[in-house]
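Spelled out, the chains give:
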Amino acid sequence: GTLVQNDYQPLSWYYQDLGWNRYMDAGWSNVSLGVDGKTLYPKHPFLLPIFAMPLFWLWGYFGLLVVNAGLVAVTLWLAFRVASRYSAPLPAAIVAGMFAALPLFTEGAYSYSNDVFYAALLLAGVDRFLAGKMIWSGLLFGLAVWAKVTNALFVLPFGLWLLSTRRWRDVLRFVVAASLPIVAYAIVNTIWFGAPQTTSYHRIV
């Protein structure tokens, strides 16, 4: 029921000299310091935990595995859908099947990964973009940027291409829809860390 981490993290790992914890890099930490200098928030993006919460409540940690494996399957299916727009379904299915056999997917399925989550969001955004559904595409792309800020580099070419078409109604729909989750993310950053451009990764404990 909360994203505040103070009561759920072993604070001695971060604030006491236990010997071993003075040799760890920032990648090991799980928390970031709020603007008040006291409150700890998740270092990692929290959209995936919110998305997975119903199955976590239902099945515990097994529910998280189900979510992740399902997202892997959805990602591969979306890759097939996108590819089949440019080739016959059979070659698209063969290529998707080849990717499914890679360790990246076979091992990644047995995990709980934000990378899998935003990959699904990005491919869903591409699929809706190619279908001309600019509101859904923008919303999905905006969520992907919230899930990982550097995904903006993936989304930007789609926005620029859409601008080049001068279909201004589609441009407006895309931009407004994409802006909604990005603005929400900026508001969270402002409340938690003091500025819209300051992310949890700037405030790692």
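Residues numbered from 1 in each chain as written. Predicted model: local features only at pLDDT ≥ 70, side-chain atom pairs only at ≥ 80, totals over all residues. Heavy atoms only, no water.

Check the secondary structure of the chain and you find 9 helices and 2 strands. Ordered by position from N to C terminus, the α and β elements of the chain give α-β-β-α-α-α-α-α-α-α-α. Expressed as lengths along the three principal axes of its C-alpha atoms, the size of the chain is roughly 60 × 40 × 35 Å. Within the chain, the fraction of its 205 residues that count as buried is 36%. Considering only contacts in the chain between residues 6 or more positions apart, those separated by 24 or more positions represent 60%. Accessible surface, the chain: about 12,200 Å² in total, of which carbon and sulfur atoms supply 69%. (Helix = DSSP H or I, 4+ residues; strand = E, 2+ residues; numbered from the N terminus. Buried < 20%, exposed > 50% of the residue type's maximum accessible area, 1.4 Å probe, protein only. Contact = heavy atoms within 4.5 Å. Areas by Shrake-Rupley, 256 points an atom, 1.4 Å probe, with all protein chains shown as cover.)

Now for the confidence of the model for the chain. Here the chain shows a mean pLDDT of 94. Residues at 70 or above account for 100%. The secondary-structure element of the chain with the lowest mean pLDDT is helix 5 (residues 103-106), recorded at 86, while helix 7 (residues 134-147) shows the highest, at 98. (pLDDT = per-residue confidence, 0-100.)

Moving on: helix 7. Between its first and last C-alpha, helix 7 extends 20 Å over 14 residues, near the 20 Å set by a 1.5 Å rise per residue. In terms of burial, helix 7 is a largely internal element, 10 of the 14 residues being buried. Three or more residues of helix 7 are buried, namely M134, S137, G138, L140, F141, G142, A144, V145, W146 and A147. Packed against the buried residues of helix 7 are helix 2 (47-59), helix 6 (114-130), helix 8 (152-165) and helix 9 (168-193). (Expected span 1.5 Å × (residues − 1).)

Following the sequence through the fold, N68 ends up in helix 3 (residues 61-83). In this structure the side chain of N68 is engaged in a polar contact, spanning 3.0 Å, whose partner is the backbone oxygen of A109. Non-local contacts of N68, meaning those with residues more than four positions away in its chain, are made with G108, A109, Y110, S111, Y112, S113 and V116. (Polar contact = N/O pair within 3.5 Å; in protein donor to acceptor, adjacent residues only side chain to side chain.)

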